[in-house]
Amino acid sequence: MAEKNFMRSTGLLDQCARAVKYCGARVISHVAQMACSRFGIEGNTVLFESFLGKRLDCNPKAIYDFLREEYPGKYRYIWVAERPSDWIDLYGSEDTEVVRFRSADHLKYACIANVLITNSPRSNELPFPKSQLKIQTWHGGGCYKKVGTALNEGAPVNRFITSRQFAQYDYFISSSSFFSQTVARGHYRFTGNLLECGMPRNDRLVNGDEIGRRSIRTALGLAESDCFVLFVPTWRDFGDDLPCLDVRGVKRAFERLGGSNAVMAKRGHYFSGRQQGSFDMDLDDYPDMQGLLLAADAVITDYSSVIWDYSFTYRPCFLFAPDLAKYEVDRGFDVDIHEWGFPVYESNEELIAAIDKFDERGFRSAMETHHAQLGSFEKGHACETVAKLIETHCFGNEEKE
(Lines give C-alpha, C1' and ligand atoms only; values in the text may rest on other atoms or scores of the structure.)
Protein backbone atom coordinates (compact mmCIF):
# COMPACT_ATOMS: atom_id res chain seq x y z
CA MET A 1 0.00 0.00 0.00
CA ALA A 2 2.82 2.40 0.88
CA GLU A 3 4.53 1.71 -2.45
CA LYS A 4 1.29 2.31 -4.37
CA ASN A 5 0.69 5.58 -2.53
CA PHE A 6 4.26 6.64 -3.25
CA MET A 7 3.86 5.92 -6.96
CA ARG A 8 0.55 7.77 -7.04
CA SER A 9 2.03 10.82 -5.31
CA THR A 10 5.10 10.74 -7.57
CA GLY A 11 2.88 10.69 -10.65
CA LEU A 12 0.87 13.60 -9.30
CA LEU A 13 4.04 15.58 -8.64
CA ASP A 14 5.22 14.91 -12.20
CA GLN A 15 1.90 16.16 -13.53
CA CYS A 16 2.07 19.30 -11.40
CA ALA A 17 5.63 19.98 -12.53
CA ARG A 18 4.64 19.63 -16.16
CA ALA A 19 1.66 21.95 -15.64
CA VAL A 20 3.91 24.62 -14.10
CA LYS A 21 6.45 24.23 -16.92
CA TYR A 22 3.72 24.50 -19.54
CA CYS A 23 2.30 27.68 -18.00
CA GLY A 24 5.77 29.24 -17.88
CA ALA A 25 6.39 28.36 -21.51
CA ARG A 26 3.10 29.92 -22.59
CA VAL A 27 4.01 33.15 -20.79
CA ILE A 28 7.28 33.23 -22.78
CA SER A 29 5.27 32.63 -25.96
CA HIS A 30 2.95 35.57 -25.32
CA VAL A 31 5.80 37.91 -24.38
CA ALA A 32 7.74 36.94 -27.52
CA GLN A 33 4.71 37.49 -29.71
CA MET A 34 4.14 40.95 -28.22
CA ALA A 35 7.80 41.86 -28.68
CA CYS A 36 7.82 40.73 -32.32
CA SER A 37 4.46 42.24 -33.22
CA ARG A 38 6.18 45.48 -34.26
CA PHE A 39 7.83 43.59 -37.16
CA GLY A 40 4.54 42.34 -38.55
CA ILE A 41 3.95 39.15 -40.54
CA GLU A 42 6.30 38.59 -43.48
CA GLY A 43 3.93 37.73 -46.31
CA ASN A 44 6.08 35.26 -48.24
CA THR A 45 8.03 33.66 -45.38
CA VAL A 46 7.51 29.94 -44.65
CA LEU A 47 8.87 28.40 -41.44
CA PHE A 48 9.70 24.68 -41.49
CA GLU A 49 10.12 22.47 -38.40
CA SER A 50 10.84 18.76 -38.84
CA PHE A 51 11.31 16.27 -36.00
CA LEU A 52 12.11 19.03 -33.50
CA GLY A 53 14.98 20.21 -35.65
CA LYS A 54 16.66 16.82 -35.66
CA ARG A 55 16.17 15.80 -39.31
CA LEU A 56 15.81 17.54 -42.66
CA ASP A 57 13.17 15.09 -43.76
CA CYS A 58 9.53 14.02 -43.95
CA ASN A 59 6.50 16.05 -45.09
CA PRO A 60 8.04 19.50 -44.44
CA LYS A 61 11.00 18.66 -46.69
CA ALA A 62 8.71 17.34 -49.45
CA ILE A 63 6.65 20.54 -49.34
CA TYR A 64 9.81 22.68 -49.32
CA ASP A 65 11.24 20.90 -52.37
CA PHE A 66 7.95 21.23 -54.26
CA LEU A 67 7.57 24.94 -53.51
CA ARG A 68 11.13 25.72 -54.59
CA GLU A 69 10.70 23.82 -57.84
CA GLU A 70 7.19 24.99 -58.77
CA TYR A 71 7.30 28.54 -57.35
CA PRO A 72 10.91 29.69 -57.88
CA GLY A 73 11.74 33.00 -56.24
CA LYS A 74 8.29 33.42 -54.72
CA TYR A 75 8.93 32.45 -51.08
CA ARG A 76 11.52 32.91 -48.38
CA TYR A 77 12.19 29.73 -46.37
CA ILE A 78 13.33 29.36 -42.76
CA TRP A 79 14.41 25.97 -41.44
CA VAL A 80 15.14 25.25 -37.78
CA ALA A 81 17.86 22.75 -36.91
CA GLU A 82 19.26 21.36 -33.69
CA ARG A 83 22.71 21.59 -35.29
CA PRO A 84 22.53 24.11 -38.14
CA SER A 85 26.11 23.41 -39.23
CA ASP A 86 25.05 19.88 -40.23
CA TRP A 87 22.55 21.09 -42.81
CA ILE A 88 25.09 22.25 -45.34
CA ASP A 89 22.86 21.26 -48.27
CA LEU A 90 20.64 24.26 -47.54
CA TYR A 91 23.32 26.89 -47.25
CA GLY A 92 23.80 27.35 -50.98
CA SER A 93 20.20 28.46 -51.44
CA GLU A 94 19.69 32.22 -51.52
CA ASP A 95 16.02 31.83 -50.57
CA THR A 96 16.70 29.67 -47.49
CA GLU A 97 17.99 30.44 -44.00
CA VAL A 98 18.79 27.92 -41.25
CA VAL A 99 18.45 28.93 -37.58
CA ARG A 100 19.05 27.02 -34.39
CA PHE A 101 16.09 25.17 -32.87
CA ARG A 102 14.61 27.01 -29.83
CA SER A 103 16.93 29.97 -30.33
CA ALA A 104 15.98 33.66 -30.31
CA ASP A 105 15.88 33.56 -34.12
CA HIS A 106 13.54 30.58 -34.06
CA LEU A 107 11.27 32.45 -31.66
CA LYS A 108 11.32 35.52 -33.90
CA TYR A 109 10.44 33.66 -37.08
CA ALA A 110 7.74 31.70 -35.24
CA CYS A 111 6.14 35.12 -34.65
CA ILE A 112 6.58 36.72 -38.06
CA ALA A 113 6.46 33.88 -40.63
CA ASN A 114 3.24 33.88 -42.64
CA VAL A 115 3.17 30.08 -42.88
CA LEU A 116 4.22 27.36 -40.42
CA ILE A 117 4.81 23.77 -41.57
CA THR A 118 5.64 21.24 -38.84
CA ASN A 119 5.39 17.47 -38.38
CA SER A 120 5.38 16.96 -34.60
CA PRO A 121 4.35 18.70 -31.35
CA ARG A 122 6.18 22.00 -30.89
CA SER A 123 7.95 23.44 -27.87
CA ASN A 124 5.34 25.19 -25.75
CA GLU A 125 7.14 28.54 -25.66
CA LEU A 126 6.75 28.92 -29.44
CA PRO A 127 3.89 31.25 -30.42
CA PHE A 128 1.02 30.69 -32.88
CA PRO A 129 0.07 34.09 -34.38
CA LYS A 130 -3.60 34.26 -35.35
CA SER A 131 -2.97 35.46 -38.90
CA GLN A 132 -0.34 32.79 -39.59
CA LEU A 133 -1.32 29.74 -41.68
CA LYS A 134 -0.41 26.81 -39.43
CA ILE A 135 -0.27 23.33 -41.00
CA GLN A 136 0.38 20.19 -38.96
CA THR A 137 1.63 17.45 -41.28
CA TRP A 138 2.42 14.85 -38.56
CA HIS A 139 4.91 12.10 -39.41
CA GLY A 140 2.87 8.93 -39.44
CA GLY A 141 -0.14 7.55 -41.27
CA GLY A 142 -2.20 4.39 -41.10
CA CYS A 143 -3.66 2.70 -38.01
CA TYR A 144 -0.70 1.52 -36.02
CA LYS A 145 0.74 2.41 -32.60
CA LYS A 146 -1.22 4.68 -30.28
CA VAL A 147 -0.30 8.36 -30.06
CA GLY A 148 -1.45 11.58 -28.43
CA THR A 149 -4.10 11.44 -25.71
CA ALA A 150 -4.45 7.67 -26.26
CA LEU A 151 -1.16 7.38 -24.34
CA ASN A 152 -2.26 9.70 -21.54
CA GLU A 153 -5.44 8.07 -20.29
CA GLY A 154 -4.35 8.39 -16.67
CA ALA A 155 -2.63 11.75 -16.97
CA PRO A 156 -5.11 14.65 -17.25
CA VAL A 157 -2.41 17.33 -17.47
CA ASN A 158 -0.78 15.54 -20.40
CA ARG A 159 -4.15 15.21 -22.13
CA PHE A 160 -4.85 18.90 -21.64
CA ILE A 161 -1.45 20.00 -22.97
CA THR A 162 -1.69 17.69 -25.99
CA SER A 163 -5.16 18.99 -26.81
CA ARG A 164 -4.05 22.60 -26.44
CA GLN A 165 -0.98 22.08 -28.62
CA PHE A 166 -2.94 20.68 -31.54
CA ALA A 167 -5.85 23.09 -31.20
CA GLN A 168 -3.54 25.84 -32.48
CA TYR A 169 -3.31 24.55 -36.06
CA ASP A 170 -5.51 25.63 -38.95
CA TYR A 171 -5.03 22.41 -40.91
CA PHE A 172 -4.07 18.83 -40.11
CA ILE A 173 -2.93 16.70 -43.07
CA SER A 174 -4.49 13.24 -43.20
CA SER A 175 -3.48 10.08 -45.05
CA SER A 176 -6.77 8.18 -44.70
CA SER A 177 -10.32 8.27 -43.36
CA PHE A 178 -9.17 6.17 -40.41
CA PHE A 179 -6.39 8.63 -39.62
CA SER A 180 -8.79 11.58 -39.82
CA GLN A 181 -11.23 10.19 -37.31
CA THR A 182 -9.08 8.06 -34.98
CA VAL A 183 -5.83 10.00 -34.87
CA ALA A 184 -6.49 13.63 -35.80
CA ARG A 185 -10.00 13.96 -34.36
CA GLY A 186 -9.57 11.31 -31.66
CA HIS A 187 -6.04 11.07 -30.27
CA TYR A 188 -5.15 14.71 -30.92
CA ARG A 189 -8.68 16.11 -30.43
CA PHE A 190 -8.21 18.36 -33.44
CA THR A 191 -11.36 20.26 -34.39
CA GLY A 192 -9.98 22.39 -37.24
CA ASN A 193 -9.75 21.74 -40.98
CA LEU A 194 -8.56 18.36 -42.20
CA LEU A 195 -6.54 18.38 -45.40
CA GLU A 196 -7.39 14.89 -46.65
CA CYS A 197 -4.86 14.68 -49.47
CA GLY A 198 -2.39 12.03 -48.33
CA MET A 199 1.13 12.74 -47.13
CA PRO A 200 3.37 14.99 -49.22
CA ARG A 201 6.36 12.76 -48.43
CA ASN A 202 4.57 9.83 -50.11
CA ASP A 203 4.01 11.44 -53.51
CA ARG A 204 7.24 9.90 -54.84
CA LEU A 205 6.30 6.46 -53.57
CA VAL A 206 2.74 6.56 -54.89
CA ASN A 207 3.82 7.90 -58.30
CA GLY A 208 6.74 5.49 -58.65
CA ASP A 209 9.77 7.73 -59.20
CA GLU A 210 12.01 5.33 -61.14
CA ILE A 211 14.56 8.00 -62.03
CA GLY A 212 14.89 8.94 -58.36
CA ARG A 213 15.09 5.28 -57.36
CA ARG A 214 17.99 4.61 -59.74
CA SER A 215 19.78 7.78 -58.70
CA ILE A 216 19.61 6.96 -54.98
CA ARG A 217 20.69 3.35 -55.51
CA THR A 218 23.66 4.53 -57.56
CA ALA A 219 24.63 7.05 -54.86
CA LEU A 220 24.49 4.26 -52.26
CA GLY A 221 26.84 2.14 -54.38
CA LEU A 222 24.26 -0.52 -55.17
CA ALA A 223 24.49 -2.67 -58.27
CA GLU A 224 21.38 -2.87 -60.43
CA SER A 225 20.93 -6.54 -59.48
CA ASP A 226 21.42 -6.03 -55.71
CA CYS A 227 18.50 -6.74 -53.42
CA PHE A 228 18.53 -3.74 -51.07
CA VAL A 229 16.93 -4.68 -47.71
CA LEU A 230 16.21 -1.90 -45.21
CA PHE A 231 15.73 -2.58 -41.48
CA VAL A 232 13.76 0.25 -39.83
CA PRO A 233 12.86 -0.43 -36.17
CA THR A 234 10.74 2.15 -34.40
CA TRP A 235 11.51 3.90 -31.14
CA ARG A 236 10.79 2.15 -27.84
CA ASP A 237 9.21 4.75 -25.54
CA PHE A 238 9.99 2.80 -22.40
CA GLY A 239 13.73 2.29 -22.75
CA ASP A 240 13.54 -1.26 -24.02
CA ASP A 241 16.20 -2.69 -26.30
CA LEU A 242 15.58 -2.71 -30.03
CA PRO A 243 14.79 -6.09 -31.63
CA CYS A 244 17.89 -8.12 -32.44
CA LEU A 245 17.70 -9.14 -36.09
CA ASP A 246 19.61 -12.16 -37.40
CA VAL A 247 21.19 -10.08 -40.14
CA ARG A 248 23.18 -12.86 -41.77
CA GLY A 249 20.29 -15.32 -41.72
CA VAL A 250 17.91 -12.75 -43.22
CA LYS A 251 20.49 -11.79 -45.83
CA ARG A 252 20.81 -15.40 -46.99
CA ALA A 253 17.02 -15.75 -47.13
CA PHE A 254 16.66 -12.73 -49.42
CA GLU A 255 19.45 -14.05 -51.62
CA ARG A 256 17.55 -17.32 -51.95
CA LEU A 257 14.33 -15.43 -52.70
CA GLY A 258 15.75 -13.15 -55.40
CA GLY A 259 18.70 -15.13 -56.63
CA SER A 260 21.04 -12.15 -56.28
CA ASN A 261 23.29 -10.44 -53.76
CA ALA A 262 21.41 -8.92 -50.80
CA VAL A 263 22.65 -5.69 -49.19
CA MET A 264 21.48 -5.27 -45.60
CA ALA A 265 21.06 -1.69 -44.31
CA LYS A 266 19.61 -0.18 -41.15
CA ARG A 267 18.14 3.18 -40.28
CA GLY A 268 17.00 3.87 -36.73
CA HIS A 269 14.32 6.21 -35.40
CA TYR A 270 15.61 9.72 -34.65
CA PHE A 271 15.06 9.13 -30.90
CA SER A 272 16.72 5.68 -30.86
CA GLY A 273 20.26 4.64 -30.08
CA ARG A 274 22.48 2.82 -32.52
CA GLN A 275 21.28 -0.59 -33.69
CA GLN A 276 23.93 -3.27 -33.46
CA GLY A 277 24.49 -6.05 -35.98
CA SER A 278 26.57 -7.02 -39.00
CA PHE A 279 24.80 -4.72 -41.47
CA ASP A 280 26.36 -3.82 -44.78
CA MET A 281 25.27 -0.19 -44.41
CA ASP A 282 24.60 2.08 -41.43
CA LEU A 283 22.15 4.73 -42.66
CA ASP A 284 21.10 6.21 -39.32
CA ASP A 285 22.31 9.62 -40.49
CA TYR A 286 20.98 9.39 -44.04
CA PRO A 287 18.84 12.51 -44.52
CA ASP A 288 16.10 11.19 -46.82
CA MET A 289 13.94 8.39 -45.38
CA GLN A 290 11.50 8.38 -48.30
CA GLY A 291 14.44 8.16 -50.68
CA LEU A 292 15.61 5.01 -48.91
CA LEU A 293 12.11 3.54 -49.16
CA LEU A 294 12.07 4.42 -52.84
CA ALA A 295 15.38 2.62 -53.33
CA ALA A 296 14.62 -0.42 -51.15
CA ASP A 297 13.62 -3.81 -52.57
CA ALA A 298 12.29 -4.95 -49.20
CA VAL A 299 11.70 -3.50 -45.73
CA ILE A 300 11.77 -5.09 -42.28
CA THR A 301 10.28 -3.05 -39.46
CA ASP A 302 7.99 -3.57 -36.46
CA TYR A 303 5.38 -1.01 -35.38
CA SER A 304 6.60 1.97 -37.39
CA SER A 305 4.18 3.86 -39.62
CA VAL A 306 6.87 3.62 -42.29
CA ILE A 307 4.91 0.54 -43.36
CA TRP A 308 2.06 2.80 -44.52
CA ASP A 309 4.45 4.73 -46.76
CA TYR A 310 6.21 1.65 -48.12
CA SER A 311 2.95 -0.22 -48.77
CA PHE A 312 2.36 1.96 -51.82
CA THR A 313 5.37 0.41 -53.55
CA TYR A 314 3.83 -3.07 -53.07
CA ARG A 315 7.30 -4.44 -52.47
CA PRO A 316 7.93 -6.98 -49.65
CA CYS A 317 7.51 -5.67 -46.09
CA PHE A 318 7.80 -7.85 -42.98
CA LEU A 319 7.03 -6.98 -39.36
CA PHE A 320 9.65 -8.40 -36.98
CA ALA A 321 8.14 -8.08 -33.52
CA PRO A 322 9.86 -10.25 -30.87
CA ASP A 323 8.64 -7.90 -28.10
CA LEU A 324 5.04 -7.78 -29.36
CA ALA A 325 3.36 -8.87 -26.11
CA LYS A 326 5.23 -6.25 -24.07
CA TYR A 327 4.75 -3.51 -26.65
CA GLU A 328 1.00 -4.12 -26.71
CA VAL A 329 0.89 -3.55 -22.95
CA ASP A 330 3.31 -0.62 -22.84
CA ARG A 331 2.13 1.28 -25.94
CA GLY A 332 -0.77 -0.47 -27.64
CA PHE A 333 -2.28 -0.25 -31.12
CA ASP A 334 -5.29 1.40 -32.70
CA VAL A 335 -6.10 -1.82 -34.59
CA ASP A 336 -4.87 -5.35 -33.85
CA ILE A 337 -1.48 -5.78 -35.53
CA HIS A 338 -2.61 -8.98 -37.26
CA GLU A 339 -5.33 -7.04 -39.11
CA TRP A 340 -2.92 -4.65 -40.82
CA GLY A 341 -2.25 -7.00 -43.72
CA PHE A 342 1.52 -7.24 -43.18
CA PRO A 343 3.05 -10.58 -42.15
CA VAL A 344 4.01 -10.51 -38.44
CA TYR A 345 6.76 -12.67 -36.93
CA GLU A 346 8.03 -12.86 -33.35
CA SER A 347 11.27 -14.75 -33.96
CA ASN A 348 14.11 -14.73 -36.44
CA GLU A 349 13.32 -18.31 -37.39
CA GLU A 350 9.72 -17.41 -38.33
CA LEU A 351 10.87 -14.36 -40.28
CA ILE A 352 13.46 -16.25 -42.29
CA ALA A 353 10.97 -19.01 -43.13
CA ALA A 354 8.45 -16.39 -44.28
CA ILE A 355 10.96 -14.71 -46.58
CA ASP A 356 11.62 -18.08 -48.21
CA LYS A 357 7.87 -18.49 -48.88
CA PHE A 358 6.99 -14.91 -49.80
CA ASP A 359 3.89 -14.65 -52.01
CA GLU A 360 4.15 -11.47 -54.10
CA ARG A 361 0.61 -11.64 -55.50
CA GLY A 362 -0.96 -12.36 -52.11
CA PHE A 363 0.98 -9.50 -50.50
CA ARG A 364 -0.14 -6.99 -53.12
CA SER A 365 -3.75 -8.03 -52.60
CA ALA A 366 -3.36 -7.60 -48.82
CA MET A 367 -1.98 -4.08 -49.30
CA GLU A 368 -4.83 -3.09 -51.61
CA THR A 369 -7.28 -4.35 -48.99
CA HIS A 370 -5.43 -2.42 -46.26
CA HIS A 371 -5.63 0.82 -48.24
CA ALA A 372 -9.33 0.30 -48.92
CA GLN A 373 -10.17 -0.55 -45.30
CA LEU A 374 -8.49 2.61 -44.01
CA GLY A 375 -9.93 4.78 -46.78
CA SER A 376 -6.60 5.92 -48.22
CA PHE A 377 -6.29 9.50 -49.52
CA GLU A 378 -2.88 8.86 -51.10
CA LYS A 379 -3.13 9.87 -54.77
CA GLY A 380 0.36 11.26 -55.35
CA HIS A 381 -0.68 14.96 -55.43
CA ALA A 382 -0.39 15.98 -51.77
CA CYS A 383 2.44 18.48 -52.31
CA GLU A 384 0.42 20.26 -54.96
CA THR A 385 -2.62 20.46 -52.67
CA VAL A 386 -0.61 21.97 -49.82
CA ALA A 387 1.18 24.38 -52.16
CA LYS A 388 -2.11 25.74 -53.49
CA LEU A 389 -3.33 26.31 -49.93
CA ILE A 390 -0.14 28.22 -49.09
CA GLU A 391 -0.35 30.27 -52.28
CA THR A 392 -3.95 31.25 -51.61
CA HIS A 393 -3.12 32.27 -48.05
CA CYS A 394 -0.08 34.32 -49.03
CA PHE A 395 -1.20 35.84 -52.31
CA GLY A 396 -4.98 35.46 -52.50
CA ASN A 397 -6.21 34.50 -55.95
CA GLU A 398 -3.06 35.65 -57.70
CA GLU A 399 -2.05 33.14 -60.35
CA LYS A 400 1.17 31.19 -60.06
CA GLU A 401 4.04 33.09 -61.59
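Reading the values: the criteria
Residues numbered from 1 in each chain as written. Predicted model: local features only at pLDDT ≥ 70, side-chain atom pairs only at ≥ 80, totals over all residues. Heavy atoms only, no water. Pairing = 2+ DSSP bridges. Helix = DSSP H or I, 4+ residues; strand = E, 2+ residues; numbered from the N terminus. Axes fitted to C-alpha atoms, helices over the stretch in contact; angles between N-to-C directions. Buried < 20%, exposed > 50% of the residue type's maximum accessible area, 1.4 Å probe, protein only. Parallel < 35°, antiparallel > 145°, perpendicular 65-115°, else oblique. Contact = heavy atoms within 4.5 Å. Nonpolar A, V, L, I, M, F, W, Y, C, P; charged D, E, K, R; others polar.

Undergrad: Honestly, the sheet that holds strand E3 (residues 96-100) in this entry has me stumped. Any pointers?
TA: Taken in spatial order, the seven strands of this open sheet run E3-E2-E1-E4-E5-E6-E7, and their pairing is parallel. Every other strand in the sheet has two partners, leaving E3 and strand E7 (193-195) as the edge strands with one partner each. Put simply, the sheet's adjacent strands are angled 25° from each other on average, direction ignored. Here strand E4 (residues 113-118) runs beside strand E5 (residues 133-136); their pairing, made up of four bridges, is parallel. Directly across from Thr 118, in E5, lies its bridge partner Gln 136.

Undergrad: Mind showing me how you'd approach the pairing of E5 here?
TA: Regular strands have side chains that alternate between both faces of the sheet. Where burial is concerned, the two faces of E5 agree: the one with Leu 133 and Ile 135 and the one with Lys 134 and Gln 136 are both buried. Direction of pairing for E5 relative to strand E6 (residues 171-173): parallel, over a ladder of two bridges. Bridge pairing in E6 places Gln 136 opposite Phe 172.

Undergrad: Would you explain helix H5 (residues 177-187) in this entry?
TA: Of all the positions in H5, only Phe 178, Phe 179, Ser 180, Val 183, Ala 184 and His 187 are classed as buried. Positive phi shows up at Arg 189, right after H5, with a value of about 50°.

Undergrad: Help me understand the packing of helix H8 (residues 247-258) against helix H12 (residues 348-356), please; the structure alone is not making it clear to me.
TA: In helix packing, the relevant descriptors are the interaxial angle and the interaxial distance, both defined with respect to the helix axes. It is the contact of H8 with H12, at a shortest axis distance of 8 Å, that shows an interaxial angle of 10°. The pairing of H8 with H12 is recorded here as roughly parallel in orientation. Two secondary-structure elements touch here, H8 through Gly 249, Val 250, Ala 253, Phe 254, Arg 256 and Leu 257 and H12 through Leu 351, Ile 352, Ile 355 and Asp 356. The residue makeup of the contact of H8 with H12, split by class, is seven nonpolar, one polar and two charged.

Nothing here speaks to function; it is all geometry.
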